[in-house]
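Now for the letters of each chain:
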Amino acid sequence: MAEIVAGFGMPHNPGAPALAAREGPQGETARFYAEMAKHLEAVAPDVLLIFTDDHFNTFFLDNFPTFAIGIAEATAGPNDQTPMPRYKVAVPADLAAHIRAAAIAHGFDISLVQDFEVDHAVMVPLHFLMPDMRIPVLPIFINCLAPPLPSAARCLALGRAIRAAIAEWPQALRVAVIGSGSFSLEIGGPKIPLGNRAACTPDPQWSQHVQDLLTLVRIDELVAEATTDRMLRAGNIGGELLNWIALLGVIGARKPVSILPQNDHGQAFAAWRWN
Amino acid sequence: MAEIVAGFGMPHNPGAPALAAREGPQGETARFYAEMAKHLEAVAPDVLLIFTDDHFNTFFLDNFPTFAIGIAEATAGPNDQTPMPRYKVAVPADLAAHIRAAAIAHGFDISLVQDFEVDHAVMVPLHFLMPDMRIPVLPIFINCLAPPLPSAARCLALGRAIRAAIAEWPQALRVAVIGSGSFSLEIGGPKIPLGNRAACTPDPQWSQHVQDLLTLVRIDELVAEATTDRMLRAGNIGGELLNWIALLGVIGARKPVSILPQNDHGQAFAAWRWN
Amino acid sequence: MSVYTVNKICRDALHDLAFREAVRRDPAGTIAGRDLSPDERRALLAGDVAWLYEHGCHPFLMSYLTRWELFGLKVPTYCERIQKAHDSRDD
Amino acid sequence: MSVYTVNKICRDALHDLAFREAVRRDPAGTIAGRDLSPDERRALLAGDVAWLYEHGCHPFLMSYLTRWELFGLKVPTYCERIQKAHDSRDD
Ligand SMILES: [Fe+3]
Ligand SMILES: [Fe+3]
């Protein structure tokens, strides 16, 4: 029987690989991702499940899923010209198909994705967590970018349905879960200031508040507060909190063992482990 | 305030336009579609909403939605080389976007489809109902063909959510709803007999039974009986009943004013009107 | 990926006329570049629709092949072979 | 369709290098064949990102244009113009 062994939340800035290379191992980006990698190594998972949002690279608006699950033998990326190495990674197709079928039986309307690459939202975290790509990765796509977004409650429920599906999986399997994304980030929208950068962090307080609720394990409050309106006031990319909320649905209400804020960037790194 | 004024169920065999042309207006295909067209004309709708399944033409398995709504100014088709005229038809983009947003708010995970053509499942019915394509058409795609399918209860609930969304639409608008598809049809699967045709009707009794439940307005029974297993035992295309069930969710529990069986072909034509 | 690829080849036969013609003229050569397992390649080139069905190919898509008699699949042959497939709906 | 088309042009600028180069050399000519309304065509060619934003273009996609300074959009110009867009989040 498969079991959930850890949860991780982290950002996926496309500039992070180059920044970490410039700054070296003592830079904050490298250190924070390394802290996550250390926890990941300690729990020795057999599979990584990652909640991710596609930035119009894998999908486009001709057919943009609200929820989608990747069911293939492998995937590769990044497919969006992010300056970083290109990777190929195995996908646990059977487990992915099982999870999708179980979630559909519970009333989740999930697109089937049998041939796909992934963008920086998957590959930036993996680049830091396991550049050898030794662990198969199961991507679950959530629309965090093109409103109307799924509600936070719906994403939490999706996570819970996936937890139940994993518990039903007959083989012994250690599953770690990642939520990928930022809490406060505006790219190209009217909140950006004059200057030389088309992005900004409109609401560092919201970023800290999200982490406070995570630390205090006040998940229901977080889900209630994380309306689309609230998230998008923190920036047009603020919906990526939904990837973290789906993660919470899978791992349940637990206190993080580590939480590393970068509120100037509207983001954080967090790890959940138990026993 | 928009209102639902009629419902229609009908098959969409790609051979029907050519068959009707050969048989003339007294042939059964032409007569049955004409009966539906007569009811449609009588209710004078401003918009047609059609529940349809894509036969791997608009979408493919690289990104196959469970539910999708077409939001564009127009669509065209058929896009699958069905021997029939090619049509272009307007899509009520604003209403479609409203319905999708309302359904997402109610926990339906519907793909966004902003650039699309449609296959014979939309264009064969329209060819007979309104070859002048005078009424805008709003397509809602349901995965009826690639198991795991959404449950019948889920499709009924989708229809009900759409009914509520239509009721909230501020403008006066008469909406007619179509469910497109067969009840018993096997194409290319192991149930087909030896011979010169790669299709058959494995279960004409199921086709009649579905119509009996429709006539007796025993919708809950129909939904309970229409498991994926049961539908697919009636043929690998048997899941198209889901398009009819979603239609029932929109129009509510009503008795059809007309029901025309073609059980040898595992299908029927039906019309619902009131006041 | 690979049952996916067989499904894709069936679909491409409908939508891509040049591909369809190429398959008709040179089946093995035309699909040489497609990502198929050896078993899948053998089954497709042999028109072994029972094997393909049992391994997850969609019968709706496979039935396209009979329209242009690709991979040796005339309708009567197709019917004869598909009947021998294990049908999980009967389990 | 058409706001869709502006979004698509932004995306194509990222994914299709030949298209990107063509837009850089000849903006109007390169998008001449795209299905845009006159207003949309004017706004895109003028780099009027406030108008495009207000009409539904996705800012994430529009911001790509500054990477290669397409349609005259250097970053400072982009920032200056987008700030003037009506932001429905403030309503
Ligand atoms: Fe992102
Ligand atoms: Fe059909």
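Residues numbered from 1 in each chain as written. Chains lettered and ligands numbered in written order. Predicted model: local features only at pLDDT ≥ 70, side-chain atom pairs only at ≥ 80, totals over all residues. Heavy atoms only, no water.

**Considering the relation of the copies chain B and chain A**
It takes a turn of 180 degrees to lay chain B on chain A, together with a shift of 0.0 Å along the axis; the resulting RMSD is 0.0 Å. Overall, the copies show the geometry of a two-fold rotation axis. Taking C-alpha positions as the reference, the residue of chain B nearest the rotation axis is B:Asp109, at 2.6 Å. (Least-squares fit on C-alpha atoms with pLDDT ≥ 70 in both.)

**Description of the pattern of salt bridges**
Taken as a whole and assessed by the stated rule, the structure comprises 30 salt bridges over all chains. Across the salt bridge formed by B:Glu3 and B:Arg174, the nearest N and O atoms sit 3.7 Å from each other. Taken together, the positions of B:Glu3 in strand 1 (residues 2-10) and B:Arg174 in strand 8 (residues 173-180) put the pair 171 residues apart, joining distant regions of the chain. A relative accessible area of 31% means that B:Arg174 is categorised as partly exposed. C:Arg24 is paired through a salt bridge with C:Glu21; the nearest N and O atoms lie 2.4 Å apart. Of this pair, C:Arg24 and C:Glu21 both sit in helix 2 (residues 17-25), separated by 3 residues, roughly a single helical turn. Overall, C:Arg24 belongs to the partly exposed group, its relative accessible area being 45%. The partly exposed category is assigned to C:Glu21, whose relative accessible area is 32%. Several salt bridges share partner residues, and in doing so they unite A:Glu186, D:Asp87 and D:Arg89 into one network. (Salt bridge = Lys/Arg side-chain N within 4 Å of Asp/Glu carboxyl O. Helix = DSSP H or I, 4+ residues; strand = E, 2+ residues; numbered from the N terminus. Buried < 20%, exposed > 50% of the residue type's maximum accessible area, 1.4 Å probe, protein only.)

**Notes on the coordination of the iron ion (ligand 2)**
Residues and elements named next belong to chain B. In the first shell of the iron ion (ligand 2), the protein supplies His12 (NE2), His55 (NE2) and Glu240 (OE), at 2.0 to 2.1 Å from the metal. Written as a sequence motif, the donor arrangement for the iron ion (ligand 2) is H-x42-H-x184-E. With a gap of 228 residues between them, His12 in the loop between strand 1 and helix 1 (16-23) and Glu240 in the loop between helix 8 (228-233) and helix 9 (241-251) connect regions that are remote in the sequence. Residue class for Glu240 comes out buried when judged on its relative accessible area of 1%. (Donors = N, O, S within 2.8 Å, 3.2 Å for Na, K, Ca; no water.)

**Focus: the confidence of the model for chain C**
Of all residues in chain C, 98% attain a pLDDT of 70 or more, and the chain-wide mean is 96. At the level of chain-chain contacts, confidence expressed as ipTM amounts to 0.97, with global pTM at 0.98. (pLDDT = per-residue confidence, 0-100.)

**Structural notes on the sheet that holds strand 1 of chain B**
Residue and element names in this part refer to chain B. What the 8 strands build is an open sheet, ordered 6-3-7-2-8-1-12-11; its pairing is mixed. Each having just a single partner strand, strand 6 (111-113) and strand 11 (258-262) make up the two edges of the open sheet. Ignoring which end each strand starts from, the neighbouring axes of this sheet average 20 degrees apart. The pairing of strand 1 with strand 8 spans 8 bridges and is classified as parallel. The residue bridging Gly7 from the neighbouring strand is Val177, located in strand 8. Helix 3 (residues 93-105) contacts strand 2 (47-52), strand 3 (67-70), strand 6, strand 7 (137-142) and strand 8 of the sheet and is inclined by roughly 155 degrees relative to strand 3. Lying on the sheet, helix 5 (residues 152-168) is in contact with strand 1, strand 2, strand 3, strand 7 and strand 8; it crosses strand 2 at an angle near 165 degrees. (Pairing = 2+ DSSP bridges. Axes fitted to C-alpha atoms, helices over the stretch in contact; angles between N-to-C directions. Contact = heavy atoms within 4.5 Å.)

**A short note on helix 2 (residues 17-25) of chain D**
All names here are of chain D. When we look at burial in helix 2, the residues that qualify are Phe19, Arg20, Ala22 and Val23. End-on, the buried residues of helix 2 take up no more than an arc of 165 degrees, which puts them together on one face. Opposite the buried face of helix 2, at more than 90 degrees from it, the exposed residues are Ala18 and Arg25. Backbone nitrogen of Ala18 and a side-chain oxygen of the N-cap are separated by 3.2 Å at the start of helix 2; the cap is Asp16. (Arc of directions from axis to C-beta. Polar contact = N/O pair within 3.5 Å; in protein donor to acceptor, adjacent residues only side chain to side chain.)

**A few points about the coordination of the iron ion (ligand 1)**
All names here are of chain A. Within the first shell, the iron ion (ligand 1) binds the protein through His12 (NE2), His55 (NE2) and Glu240 (OE), at distances of 2.0 to 2.1 Å. Mapped onto the sequence, the donors of the iron ion (ligand 1) take the spacing H-x42-H-x184-E. Taken as a pair, His12 in the loop between strand 1 (2-10) and helix 1 (16-23) and His55 in the loop between strand 2 (47-52) and strand 3 (67-70) lie far apart in primary sequence, 43 residues in all. Look at His55 and you get buried, because its relative accessible area is 2%.

**Notes on the packing of helix 2 (residues 28-43) of chain A against helix 4 (residues 120-129) of chain A**
Residue and element names in this part refer to chain A. For the pair helix 2 and helix 4, the least separation of the axes is 8 Å and the interaxial angle reads 75 degrees. It follows from the interaxial angle that helix 2 and helix 4 lie roughly perpendicular. Judged by residue contacts, Thr29, Tyr33, Met36, Ala37 and Leu40 of helix 2 engage Val124, Pro125, Phe128 and Leu129 from helix 4. Residue classes in the contact of helix 2 with helix 4 are distributed as 8 nonpolar, 1 polar and no charged. (Parallel < 35°, antiparallel > 145°, perpendicular 65-115°, else oblique. Nonpolar A, V, L, I, M, F, W, Y, C, P; charged D, E, K, R; others polar.)

**Remarks on the interface of chain B and chain A**
Facing the 24 residues of chain B at the interface are 24 residues of chain A. Carbon and sulfur atoms supply 46% of the area that chain B and chain A bury against each other, a total of about 2000 Å² over both sides. Where chain B touches chain A, the interface holds 2 salt bridges. B:Asp109 serves as the salt-bridge partner of A:Arg154, at 2.6 Å between the closest nitrogen and oxygen. Remark: the boundary between chain B and chain A carries 15 residue pairs in polar contact (both at pLDDT 80 or more). Secondary structure elements with two or more residues in the side of chain B that touches chain A: helix 3 and strand 6 of chain B. Residues belonging to the side of chain B that touches chain A are distributed by class as follows: 14 nonpolar, 5 polar and 5 charged. (Buried area = accessible area lost by both parts, 1.4 Å probe.)

**Points about the interface of chain D and chain A**
Contacts between chain D and chain A engage 26 residues on the former and 31 residues on the latter. When the two sides are added together, the surface that chain D and chain A hide from each other amounts to roughly 2300 Å², 62% of it contributed by carbon and sulfur. Summed over the shared surface of chain D and chain A, the result is 2 salt bridges. As a salt-bridge pair, D:Asp90 and A:Lys191 come within 3.7 Å of each other at their nearest N and O atoms. For the pair chain D and chain A, the number of links is 11 residue pairs in polar contact (both at pLDDT 80 or more). If you list the elements that add at least two residues to the side of chain D that touches chain A, you get helix 1 (2-15), helix 2, helix 6 (59-67) and helix 7 (75-82) of chain D. When the residues that make up the side of chain D that touches chain A are grouped by side-chain class, the tally is 14 nonpolar, 5 polar and 7 charged.

**Focus on the layout of surface pockets**
One simple way to see leftover space: roll a probe sized like a water molecule over the atoms. Here the largest pocket defines a volume of roughly 1300 Å³. Lining the largest pocket are 43 residues, and of these A:Ala146, A:Pro147, A:Pro148, D:Gly56 and D:His58 sit closest to its centre. Contributing elements (two or more residues each) for the lining of the largest pocket: helix 8 (228-233) of chain A, helix 3 of chain B together with helix 1 and helix 5 (49-54) of chain D. Per element, the largest residue contribution to the lining of the largest pocket is 7 residues, and it comes from helix 3 of chain B. (1 Å grid on protein atoms, 1.4 Å probe; cavity = no way out; pocket = protein on both sides within 12 Å on 5 of 7 lines; lining within 4 Å. Points joined across faces, edges and corners; volume = space filled by probe spheres on them.)

**Focus: helix 8 (residues 75-82) of chain C**
Residues and elements named next belong to chain C. All of the buried residues along helix 8 are Val75, Tyr78, Cys79 and Ile82. The arc that holds every buried residue of helix 8, seen down its axis, measures 95 degrees, which confines them to one face. Residues of helix 8 that are buried in the fold lie against helix 5 (49-54), helix 6 (59-62) and helix 7 (64-67).

**Quick look at empty space enclosed by the protein**
Residue and element names in this part refer to chain A. Per the stated rule, a full pass over the model turns up 2 cavities of 30 Å³ or more. Considered as a void within the structure, the largest cavity measures approximately 40 Å³ in volume. The class makeup of the residues in the lining of the largest cavity is 5 nonpolar, 1 polar and 2 charged. Together, Asp54, Phe59, Phe64, Pro65, Thr66, Phe141, Ile142 and Asn143 line the second largest cavity.

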